[in-house]
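# Observations on the model geometry
Below are the chains, spelled out letter by letter.
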Amino acid sequence: MTDLVAPDGEDRIAWHVELLSEPFTLGSEEVDVALARLQAHAALHEWDLVVGMTELPLRDDNGSYLLAALDPQRHAAVLSLPALGGFRVRSRARRAVRGLVNGMAAPASPDEQRVPMPGLIAGWRVLVGMVLANRPWLLATGLKAALVAALATGAVATVDSTVWMLAASLSGWRLGVATVVSIAIVVAWIVIDGELWDRPEDSSRQARERSRLYNASTLLTLAIGVVIGYAVLFVVNLAWALFVLDPALMGDSVGTPLGYGDLIVLAWFVASAATIGGALGTGLESDEAIRAAAYSKREEERRARLASERA
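What you see is a predicted model; the values in this text were computed from it and never measured. (Residues numbered from 1 in each chain as written. Predicted model: local features only at pLDDT ≥ 70, side-chain atom pairs only at ≥ 80, totals over all residues. Heavy atoms only, no water.)

### What to know about the confidence of the model for the chain
For any part of a model where pLDDT is low, the fine detail of the predicted coordinates should not be relied upon. How we decide: Confidence scores here are pLDDT values: one per residue, from the predictor, ranging 0 to 100. Helix and strand labels come from DSSP, where a helix needs a run of H or I of at least four residues and a strand needs a run of E of at least two; each type is numbered from the N terminus. By the convention used here, residues are in contact when the closest approach between their heavy atoms is within 4.5 Å.
Mean pLDDT over the chain works out to 78, with 80% of the residues at or above the 70 mark. Across the chain, the secondary-structure element scoring lowest on mean pLDDT is strand S1 (residues 2-5), at 44, and the one scoring highest is helix H7 (residues 172-193), at 89. Predicted confidence is poor over residues 1-9, with pLDDT under 50, and the contacts of this stretch with residues over four places away or in other chains come to 18 contacts.

### Focus on a nonpolar patch on the surface
Note the cut-off: Nonpolar side chains (Val, Leu, Ile, Met, Phe, Trp, Tyr) within 5 Å and like charges within 9 Å form the patches, drawn only from residues with over 30% relative accessible area and no salt bridge. Using a 1.4 Å probe, the Shrake-Rupley method yields the accessible areas, and only the shown protein chains count as cover for residues. We define a salt bridge as a contact between a side-chain nitrogen of Lys or Arg and a carboxyl oxygen of Asp or Glu at a distance within 4 Å. Exposure is judged per residue with a 1.4 Å probe applied to protein chains only, and the accessible area is read against the type maximum: over 50% gives exposed, under 20% gives buried, and values in between give partly exposed.
A grouping of Trp-137, Leu-138, Ile-224, Ile-228, Val-232 and Val-236 is seen on the molecular surface, where their side chains present a nonpolar patch of about 470 Å² in accessible area. When you line up the elements, Val-232 lands in helix H8 (residues 205-244). What makes Val-232 partly exposed here is its relative accessible area of 39%.

### Let's talk about the environment of Ala-188
With respect to the helices and strands, Ala-188 occurs in helix H7. Along the chain, Ala-188 and Leu-222 lie 34 residues apart, while their C-alpha atoms are 9.2 Å from each other.

### A few points about the packing of helix H6 (residues 161-169) against helix H9 (residues 247-254)
Stated formally: As a rule, the C-alpha atoms of each element are fitted with a line to give its axis, helices using only the stretch in contact, and angles between N-to-C directions run from 0 to 180 degrees. Angles are sorted into four bins: roughly parallel if under 35 degrees, roughly antiparallel if over 145, roughly perpendicular if 65 to 115, and oblique for all others. Residue polarity follows a fixed list, in which Ala, Val, Leu, Ile, Met, Phe, Trp, Tyr, Cys and Pro are nonpolar, Asp, Glu, Lys and Arg are charged, and the others, Gly among them, are polar.
At their nearest, the axes of H6 and H9 sit 10 Å apart, and the two run at 85° to each other. As summarised for this structure, H6 and H9 are arranged roughly perpendicular, according to the angle between their axes. Along the contact surface, H6 presents Ser-161, Trp-164 and Met-165, while H9 presents Met-250, Ser-253 and Val-254. Here the residues of the contact of H6 with H9 are counted per class, giving four nonpolar, two polar and no charged.

### A look at the UniProt feature "transmembrane region" (unreviewed entry) in the chain
The test is simple: UniProt positions are given in the numbering used here, feature names are shortened, and annotations may be inferred rather than shown by experiment.
Residues annotated in UniProt with the feature "transmembrane region" (unreviewed entry) correspond here to residues 145-167, 173-192, 213-243 and 263-284. Here residues 213-243 is 100% helix and 0% strand, with 45 Å between the C-alpha atoms at its ends.

### A word on helix H1 (residues 31-45)
Three- or four-residue spacings in an α-helix give side chains the same orientation, since the helix completes a turn every 3.6 residues. Here is the rule we go by: To estimate the expected span of a helix, count its residues, drop one, and scale the result by 1.5 Å. Relevant arc is that of directions from the helix axis to the C-beta atoms, nothing else.
Taking 1.5 Å per residue, 15 residues should reach 21 Å; H1 reaches 21 Å between its end C-alpha atoms and fits that length. Along H1, the positions that sit buried rather than exposed are Val-31, Ala-34, Leu-35, Arg-37, Leu-38, His-41 and Ala-42. Seen from one end, H1 has its buried residues packed into an arc of 160°, which puts them on one side. Of the residues in H1, the exposed ones pointing more than 90 degrees away from the buried face are Ala-43 and Leu-44. Following H1 by one or two positions, Glu-46 has its phi on the positive side, about 60°.

### Considering the nonpolar core
The condition is simple: We define a nonpolar core as any set of buried Ala, Val, Leu, Ile, Met, Phe, Trp, Tyr and Cys residues linked to one another through side-chain atoms lying within 4.5 Å.
Within the largest apolar cluster, 16 residues are counted, with the highest numbers of intra-cluster contacts made by Val-163, Trp-164, Leu-245, Met-250, Leu-263 and Leu-266. Contributions of two or more residues to this core are made by H6, H8, H9 and helix H10 (260-280). Of the residues forming this core, the biggest block, five residues, is contributed by H10.

### Topic: the environment of Ser-21
In this structure, Ser-21 sits in the loop between strand S2 (14-17) and H1. Sequence-wise, Ser-21 and Met-53 are 32 residues apart; in three dimensions their C-alpha atoms are separated by 9.4 Å.

### Describing the pairing of strand S5 (residues 65-71)
For the record, the criterion: Strands pair, by our definition, only if DSSP identifies at least two bridges between them.
S5 sits mainly inside the fold: six of its seven residues count as buried. In terms of strand pairing, strand S4 (residues 58-59) meets S5 through two bridges, oriented antiparallel. Within S5, the residue paired with Leu-58 across the bridge is Leu-66. In this structure, the hairpin formed by S4 and S5 is closed by a connection of five residues, where Gly-63 is found at a positive phi of approximately 90°. In terms of strand pairing, S5 meets strand S6 (residues 76-80) through four bridges, oriented antiparallel. By the bridge assignment, Ala-68 is partnered in S6 with Leu-79. Connecting S5 to the antiparallel partner S6 that follows it, the hairpin turn spans four residues, and His-75 within it adopts a positive phi of roughly 55°.

### A look at the packing of H7 against H8
Selection rule: Note: crossing handedness is left-handed where the near helix turns anticlockwise from the far helix by less than a right angle, and right-handed where it turns clockwise.
The contact between H7 and H8 brings their axes to 10 Å, and the two run at 125°. As far as their axial angle goes, H8 and H7 are oblique. Note that H7 runs across H8; the crossing there is right-handed. The residues of H8 that touch H7, namely those facing Thr-179, Ser-182, Ile-183, Val-186, Val-187, Ile-190 and Val-191, are Leu-219, Leu-222, Ala-223, Val-226, Val-227 and Tyr-230. The residue makeup of the contact of H7 with H8, split by class, is 11 nonpolar, two polar and no charged.

This is the structure:
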């Protein structure tokens, strides 16, 4: 419970605010249905106004992305947080909620109103908002078992003379390809192992577009998380190589002069190999952090919770 007051320079109107968090899926519902459910909550709790905020994308009947929708007659409004773009979400959401409250308290029109997003950037902005809402930088906590396995694999591979020879024989573009391929394999493995790929519920255009959006956000979230884990692995492997290896002795072993720059190449190659070995050697299906990377899975959980509550 708190009080929300209008900013200085405006009429100061105190609002008694109550916060409620519960599963609320919009993936298979129309905006009108969402507003009706919010209005039902308002009637149940005896609220004068109700604003619902969802982390899922909000679309109107023709498939256009919406920032918000409000119905002054029902004193209900819904705001899509991904539509805010993912940056400075708190401040933007605060301003948006204030605008929705003002729109319902003193409506310019009694009819239902919808706030569309700019057409050219709407899809990208929603996608960025969904990815940042997933907090991909925290994905390493869900990959901790794979990361530990990869670190162990890298520690052993770093002191293997065969690995030295392989690393010394690779050109820069091959190392780059190895990096991309290793990251792609791990992302694909996580998607397959965690059953994160979303499929349309039906053959409608909106269902197909929703699945594409969910899958794109999942892939980007996982890719960013795996890249961060790869970078950590590279740094740790490089530190380990600098600590335990002497480039001169390595050069004698492989039959070619080596310097400290070659340790960077070695750490780079080992990071790619260990990334694949660590992820494929570890089961990930029970990691909640992995499944949280997929919007479709979170929506399935919401639907299941709603169904159990209604039963």
